[in-house]
Every structure is written in C-alpha cells, then in structure tokens.
Amino acid sequence: MAELSGAQIVAKSLATQGVEEMFGLVGVPVVPISIAWQQEGKPFIGVRHEQAAGYAAQAASYMRTHLSAALVVSGPGMTNVISALGNAQANCWPMILLGGAANITLSQMGDFQDAPQVEAARPFVKWSDQARDVRLIPRLIAQATRSAINGRPGPVYLDLPGDIIDAVVDESEVQWAPRVEEPQRPMVSQESVESAIEALKTASNPLVIVGKGMAWSKAEQEVQEFVDKTGIPWLATPMGAGVVPADAPNNAAAARTHVLKNADLVVLLGARLNWILHFGKPPRFKEDVRIIQLDIEPAEIGTNVPTEVALVGDGKAVMGQLNSYLDENPWSFEDSTEWIASINAEVERKAAEQAEWASSNESPMNYYRPLKEIQDRMPRDAVFVTEGENTMAIARQVIQSYEPRKRLDAGTWGTMGVGPGFALAAQVVNPGKRVIALEGDAAFGFGPGEVETAVRQKLPITWIIFNNNGIGGGAPELPEDYETGAINPGQLTPMAHYEKIMEAFGGKGYYCRSPEELEAALDDSFQQEGSTLINVEIAPGAQRRQQQFRWLQR
Ligand code: ADP
C-alpha cells in the first residue's frame, strides 16, 4: 500500500467531509497541507492576513450550508484568527480552522512559534483538539465536522503539529472515517404546532421576524409559504434578508420601528432577541409582547422575554409542519385591519422620505444617493457584503435582498474587518454572480491587502468604498474645550485615494465625487471582467436620519 503524509491525510479527510475550498496563509509548518489540498483538485485561496482566511471560511460555510476551512501557521498566525472564531461563534456559523503548531517532539524546548493554541481557541469554538497521532486524523476531522454543523452551528479548531503534518504512515494504518451524516432536522410535536397557530389567531398586531437561522436551515421556501398563507406582516434581520424576497407582500421592513413597537405577538424564526432586536424590551417592543419562538437551540428559548409557544427544532422541518397544519386548517390574517393599514401608511411615508434623500444632487454625496445608484444596477441574485457604521446601517434600509444567504455584514458581533474575507468567499461560492463589497473607509482599512488576493485569484469583486475621512460618521465631535492640538482619534487621511490600491495590482479604480461620476463608474465597472474599486467621496457630516432611539445606532 502507498505511504501517506499527515498533510495528505488532512486533505483527504477534509475532502471526504465535503469541504470544497480552503482559505489560508501558508508558511512553516502548513505548506504541505496547502499543496496536498491542491493535489486533491480543490481550490486553495491564499490571503494576505489570517483574519481574512477565518472570515472567508465562515462565510463560505454559511453560504454553502456546510463546512469550509481555513489554514494558518502556528503562534501569531493562529492567534490572528481568534477574532474570526469569535465572529463565527457569535453568528452561529460553522467553520474549521486548521492551525499549524510547534512540533510535539520539541515540546517544552522553546520551539518556533510555540503557543497554547488549543486553549486559546477553546472559549470561541464548539470543539478544540490537537492531532497527536497521524493515523487518527480522519477521526478527529469527522468529529470536528459533526460538532460544527449539528445543532446550533459553530466553529471548530484542529491543532496540527509540524511533526504530525510531516509524519508518513502506510495507508493501511490510517483509521479512515466516512462522511458525517447531514444534520438531523428535528421536528416539534403536533400540540406545539397547534398551540402556535391558535396563539397566532388571537393576535391583533402579529409580526413575523425572519433571522439568519432560517437561511442556514434552508427554510426559504417554507418561510415564504408561511408568510404568504398567513398574510402576516414580516421583516427580516440584517442577514435574514433575502429568505423572503424583499418584494414579497407584507414586507414591513421600512416600518421597522413602528411594527416592533406595536406588535402584540411576534413569531421569531431563527433569530435571537439580542441587541440587534433590542433585547425584545421596551421602549422598542411592547411591554407584554407575546413570543412564538422557533430555534434549534433549546437554551435560547425565553432569553430576555418569556416565550409563549416554544418550537424547538429545525427551521425548515418545523416551518413545513406549520404549513401542513395550515393546509388542513386554513387561516389567514385579515388584510383589512387597522394594523395592516398603519403599516402600509408608514411604509409609504418612509419610502417618500428616502426617495427625497436619494434624489439629492449634492457633491460630495450623502449616503442615500449612491446607495440608490447601486441598488438600481444590482442584479437580483447579487451577493451584497457590507460593513462600516453608517455605510452598513443605511445600506440596510436601501439595498434590497431577494435570495437567501446573499447578504453578509458585520453581524451579531458588529465586527469590523469582515468584509474583504466575506467578499472573497462570496465570489468563490457564487462564481459568475455579481459580488459587491461595500466598505466604509475605516472598515476597509482592516483588510486592503485582500484586494491583491481578489485580483490574483481572478475573483471579480466590485469593491465600493464610502469615504467620509473618518471612523463612523466621520471624525467624532470633540468637546468645546478640546485644545490638545492632537489629531482627532476618529480622523483618517482626507480624500485618500483607495482606488490606487486596486490599480497597484492591475485592477481598475475610480474616484467619484459627484452622482454623475458615480453612475459612470458603476456602469463601467459592471462591464469589467476583473475586480474593480470605486472610491466614493461622502460628505463627512452626512448622517443617516436621526434615530428615534439613539442606542439603535450602536
Ligand atoms: P439574526 O442575526 O438574523 O437575528 P441570530 O444569529 O441572532 O440571527 O440567531 C440565529 C438563530 O438561529 C440562533 O439562535 C440559532 O440557534 C438558530 N438556528 C441555527 N440553526 C437553526 C436551524 N437549523 N433551525 C432553527 N434555528 C436555527
């Protein structure tokens, strides 16, 4: 029988588990893994900073609804990905991080880049272990996979010492593991289904909230059918967007403040009542709001607000059960109620307000005009990645999503720096589709090196920088007596020419100050075959409309 190295066994095991691509940054001791992976016929996307590999692997996992991998070197390489592990954990996304590690045989001798990596990963992952015997690698990778994709998904970490990666064994000695089964789709009891629908019938102001747990469980058809059958107003969380197409009836997104505040019963589907949903508490929600909660994680039930009907199970399976019950016992919400009329009026009012801001011809621009120009040109099936404070928040109002798992942003952790890695993953997973990475200038600063990755890997991403010369809404206001002469902590170089970063690597760059320049740049960039970067000057003082509650803007 043939001999295999640890690196080859890692590559074969990942392929067996259905991993399609690996993002990474190579060096000692992981180079042989990247090569073995390519020899398996799989793509290796070499990035410029380990954080991008971590963000890309988790975004690819989510978009594929399976597992994707990141590969990094030991010590600082591995610790550079800990924020990405935290981000995957916070967003309930799987990924497997493979970290090179110091040689076991040189343990306690001060080996190159030695670090307590298994322990460092542990608070941020579902599973963390070290390969100590080359023959057992397939079993470890199977167990890591099982842990990552089952139940509430999350990241896993496998530590790979250099002498295990390089060890060679006879193929017959390896304890191969078969592909892990697809996750079970647990259902709920018939009584729970009935209780949920009966509770719904008693609501006068019902609301469905669709979270990214429904995107992960691929429940798009079932959720669409449910909102269609019941006629209940619905809204999506930032990354739940697209599970139901934005132009489906009863989309209450534009009336978000109004519906959250006045709903008497919320059907919470694969979303948590955390800060993104204002903890389900007043003043953003009604004091005594009733909750029907669907989640795969039993411990999530009742968090922050008591749950009236708990549906603990898989999103797709349980929505199917609700729909079947409604087929046998048809019911829909009256569409002539005051509730629907009030939502429609609010949606119209907001649309008119937004249209006015979006028609501004000012140079430099506010946020709404360029977002409208992007929206008008974006294909329905584009993937939209965005981060940055105002850039992301206002994009949530303007840019619409029509397909599931095609919207990625700073998410549950509000992590800045995720965009470049997410965009790389989006283009790898969706070849031939338009990927737009809209970045605030501060957010882009975390990962401009990945522009080179995109060009080199022939990933034709459209990067758009909203450049307001500062962190958040531009440099923060300073106290009146602030006379230190120091540079404002939130200030960035005014009118920096970020487009030249793209040009440095052979892509096309554009600098736009006026709406006309932006329109021309967008039209031209959408004709290009490669990556492009459009640098858009945004008026530094431009803010989104005043929020009724300041803490929403956090
Ligand atoms: P959002 O950011 O869209 O509000 P969250 O990340 O807060 O969404 O919540 C997603 C929820 O979806 C988590 O509580 C998670 O447990 C749940 N979830 C994950 N997978 C499934 C699944 N297969 N079925 C139902 N719920 C799921």
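The rules behind the values
- Residues numbered from 1 in each chain as written.
- Predicted model: local features only at pLDDT ≥ 70, side-chain atom pairs only at ≥ 80, totals over all residues.
- Heavy atoms only, no water.
- Near = heavy atom within 4 Å.
- Polar contact = N/O pair within 3.5 Å; in protein donor to acceptor, adjacent residues only side chain to side chain.
- Areas by Shrake-Rupley, 256 points an atom, 1.4 Å probe, with all protein chains shown as cover.
- 1 Å grid on protein atoms, 1.4 Å probe; cavity = no way out; pocket = protein on both sides within 12 Å on 5 of 7 lines; lining within 4 Å.
- Sits in = over half its atoms within 2 Å of the grid points.
- Helix = DSSP H or I, 4+ residues; strand = E, 2+ residues; numbered from the N terminus.
- Nonpolar A, V, L, I, M, F, W, Y, C, P; charged D, E, K, R; others polar.
- Points joined across faces, edges and corners; volume = space filled by probe spheres on them.
- Phe/Tyr/Trp six-rings, centres within 6.5 Å; stacked < 30°, edge-to-face > 60°.
- Lys NZ or Arg CZ within 6 Å of the ring centre and 35° of its normal.
- pLDDT = per-residue confidence, 0-100.
- Contact = heavy atoms within 4.5 Å.
- Buried < 20%, exposed > 50% of the residue type's maximum accessible area, 1.4 Å probe, protein only.
- Right-handed = clockwise from strand over helix to strand, strands pointing away.
- Pairing = 2+ DSSP bridges.
- Axes fitted to C-alpha atoms, helices over the stretch in contact; angles between N-to-C directions.

Colleague: Would you take a moment to explain the site of the ligand for this structure?
Modeller: Around the ligand, a shell composed of 21 residues is seen, among which Lys212, Thr237, Arg272, Asp295 and Gly315 lie nearest. Between an oxygen atom of the ligand and a side-chain N or O atom of Thr237, the distance comes to 2.5 Å. A distance of 2.9 Å separates a nitrogen atom of the ligand from a polar side-chain atom of Asp314. Burial of the ligand by the surrounding chains reaches 98%, relative to a free accessible area of 580 Å². Of the pockets mapped on this structure, the ligand occupies the second largest pocket. Considering every element that reaches the shell around the ligand, the biggest residue donor is helix H10 (residues 212-216), with three residues. Here the shell around the ligand is composed, by residue class, of five nonpolar, nine polar and seven charged.

Colleague: It is not clear to me how the layout of surface pockets should be interpreted in this structure. Could you clarify?
Modeller: Take a probe with the size of a water molecule and roll it over the atoms, and the empty space left behind shows itself. Space inside the second largest pocket adds up to approximately 670 Å³. Of all the secondary structure elements, the ones that give two or more residues to the lining of the second largest pocket are H10 and strand E12 (290-295). It is H10 that contributes the most residues to the lining of the second largest pocket, four residues altogether. Taken together, the residues that form the lining of the second largest pocket break down as 15 nonpolar, 17 polar and nine charged.

Colleague: Before we go on, may I ask you to explain the packing of aromatic side chains in this structure?
Modeller: Here the distance between the centres and the angle between the planes together describe a pair of aromatic rings. For the coordinates displayed, the defined rule picks out eight aromatic pairs. Summarising the aromatic geometry, the rings of Phe124 and Trp413 are spaced 6.4 Å apart at their centres and angled 75° between planes, so their arrangement reads as edge-to-face. With Phe124 in the loop between helix H6 (117-121) and strand E6 (127-130) and Trp413 in the loop between strand E15 (407-409) and helix H17 (419-429), this residue pair connects regions lying 289 residues apart in the sequence. Within the aromatic cluster, the residues linked to one another by ring pairs are Tyr55, Tyr62, Trp93 and Phe422. Above the ring of Tyr402, the side-chain terminus of Arg380 is found at 4.0 Å from the ring centroid.

Colleague: For this particular structure, what's the right way to read the confidence of the model for the protein?
Modeller: Low-pLDDT stretches of the model should not have their predicted coordinates read in fine detail. Across the protein, pLDDT averages 95, with 98% of residues at or above 70. Note that pLDDT drops below 50 for residues 544-554; the model gives that stretch 29 contacts with residues more than four away or on any other chain.

Colleague: Any chance you could explain the pairing of strand E19 (residues 532-537) here in plain terms?
Modeller: With six of its six residues buried, E19 lies for the most part within the structure. What joins strand E18 (residues 508-512) to E19 is helix H21 (residues 515-525), and the crossover it makes is right-handed.

Colleague: I tried to follow the sheet that holds E12 on my own but got confused; where do I start?
Modeller: Backbone-to-backbone hydrogen bonds join strands into a sheet, with any given pair of strands oriented parallel or antiparallel. With parallel pairing, the five strands of this open sheet are ordered in space as E10-E9-E11-E12-E13. Pairing within the sheet leaves two strands with one partner each, and these edge strands are strand E10 (234-236) and strand E13 (309-312). Strand-to-strand twist of the sheet, defined as the mean angle between neighbouring strand axes without regard to direction, takes the value 15°. Bridge analysis of E12 against E13 gives four bridges, and the strand direction is parallel. Each residue of the ladder has a partner; that of Leu294, found in E13, is Leu311. Here helix H9 (residues 190-201) sits on the sheet and contacts strand E9 (206-210), strand E11 (265-269), E12 and E13; the angle it forms with E13, its principal contact strand, is near 135°. In this fold helix H13 (residues 315-328) packs onto E11, E12 and E13, with an angle of close to 125° to the strand it touches most, E12.

Colleague: Help me out: how do you make sense of the environment of Ser83 in this one?
Modeller: Mapping Ser83 onto the fold places it in helix H5 (residues 82-91). Sequence separation between Ser83 and Ala60 is 23 residues; the distance between their C-alpha atoms is 17 Å. If near-sequence neighbours (up to four positions away) are discounted, Ser83 is found in contact with Tyr55 and Trp413.

Colleague: What exactly am I supposed to notice about the sheet that holds strand E2 (residues 22-24) here?
Modeller: Read from one edge to the other, the open sheet built from six strands follows the order E3-E2-E4-E5-E7-E6, with strand pairing classed as parallel. Strands at the two margins of the open sheet, each flanked by one partner only, are strand E3 (44-46) and E6. Ignoring which end each strand starts from, the neighbouring axes of this sheet average 20° apart. In this structure, E2 lies alongside E3, joined through three bridges in parallel fashion. Across the sheet, the residue bridging to Phe23 is Ile45, located in E3.

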